[in-house]
Amino acid sequence: MAKISQPRELLQFKLSTMLHVERELAEKVLPELLEQIGNPQLKQGVESHLAQTRGHVANLEQAFAILGEDPDTEKSAALEGLTKDHDQVAKKIDAPQLEDIIHAGAAAKTEHFEIAAYEGMINLASSLGETEIVHLLEENLDQERGARAGQAGQKVDQHAAARTGLTHLAEAGAACARLHASSTSCLRSATGRRRRRRRAQRSAGARGSGPSRGRASRRLRHSAGRGA
Ligand SMILES: [Fe+2]
Ligand SMILES: [Fe+2]
């Protein structure tokens, strides 16, 4: 694309980038994510947003028609970054109960990005007096916000998954302790020895202070009184 010097050209550029984003999401990113999701509630939410995303593509194509331009796409560095961010964490995960937390987080980040992008485009289209385009973009924005709100509802499941993860960790810890029973009993007897030593020190300290010292002082005062 040639250099941008006019607000209308900037709007067209932003539409091109967003068309690339929505097409990638509709044709590649969301279908691939659906294959990885295990949680039925999260899966249903992404499935329904996938249908909406196809509508977002149609609305953007219509915006081009209103401008009298052919639909064009520009690669989005932001979407590329979000995809890489998801894949980087997903590759590291080695516990199925944590995977859906990563998928839900990636979906939420994408919605936030789309919401910010549509808000900026709506401001620009509005300042250019392109009300038809504004309505199309607002339709997309409302659905992105709805999708984001739906993902916020996944919190309970995420916490449940996190709790399950903690249970597994506790079980793993118990199994580990059983495997190392001899070292654990060693540790227990060492702790016992330390406790016994501390108790002995406390009682020795108590003998040299408090009421005993008071009795000794009284004895001293009494003998001093007798000697006077
Ligand atoms: Fe979208
Ligand atoms: Fe979206």
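Values in this document were obtained by computation on a predicted structure and should not be read as measured data. (Residues numbered from 1 in each chain as written. Chains lettered and ligands numbered in written order. Predicted model: local features only at pLDDT ≥ 70, side-chain atom pairs only at ≥ 80, totals over all residues.)

A. Looking closely at the overall build of the protein. What the protein contains, in helices and strands, is 8 helices and 0 strands. Shown N-terminal to C-terminal, the secondary structure of the protein runs as helices and strands in the order α-α-α-α-α-α-α-α. For the protein, buried positions account for 22% of its 228 residues. Once local pairs closer than 6 in sequence are excluded, the contacts in the protein between residues at least 24 apart make up 76%. (Helix = DSSP H or I, 4+ residues; strand = E, 2+ residues; numbered from the N terminus. Buried ≥ 20, exposed ≤ 12 C-beta atoms within 10 Å, placed from the backbone. Contact = placed C-beta atoms within 7 Å.)

B. Broad picture of the nonpolar core. In this structure, L15, M18, L60, M121, A125, I133 and L137 are the most contacted members of the largest nonpolar core, which totals 28 residues. Looking at this core, the elements with two or more residues in it are α1 (7-36), α2 (40-67), α4 (96-127) and α5 (131-152). A total of 9 residues in this core trace back to one element, the largest contributor, which is α1. Not counting chain neighbours up to four residues away, the residues in contact with A125 comprise L11, E130, I133, V134 and L137. (Core = buried A, V, L, I, M, F, W, Y, C linked by C-beta atoms within 7 Å.)

C. Focus on the confidence of the model for the protein. Overall, the predicted model of the protein reaches an average pLDDT of 78, with 66% of residues at or above 70. Across the protein, the secondary-structure element scoring lowest on mean pLDDT is helix α8 (residues 210-227), at 40, and the one scoring highest is α1, at 97. Below pLDDT 50 for its whole length, residues 164-194 participates in 5 contacts with residues either more than four positions away or in separate chains. Contacts of residues 208-228 to residues separated by more than four positions or lying in other chains number 2 contacts, the stretch itself having pLDDT below 50. (pLDDT = per-residue confidence, 0-100.)

D. Representation of the packing of α1 against α4. Running from N to C, α1 and α4 cross one another at 160°; their axes reach a closest spacing of 11 Å. Between α1 and α4, the interaxial angle falls into the category roughly antiparallel. By crossing handedness, the relation of α1 to α4 is classed as left-handed. Between α1, through P7, L10, L11, K14, M18, L33 and Q36, and α4, the contact on the second element is made entirely by E99, H103, A107, A117, M121, L124, A125 and S127. The residue makeup of the contact of α1 with α4, split by class, is 10 nonpolar, 3 polar and 2 charged. (Axes fitted to C-alpha atoms, helices over the stretch in contact; angles between N-to-C directions. Parallel < 35°, antiparallel > 145°, perpendicular 65-115°, else oblique. Left-handed = near helix turned anticlockwise from the far one by under 90°. Nonpolar A, V, L, I, M, F, W, Y, C, P; charged D, E, K, R; others polar.)

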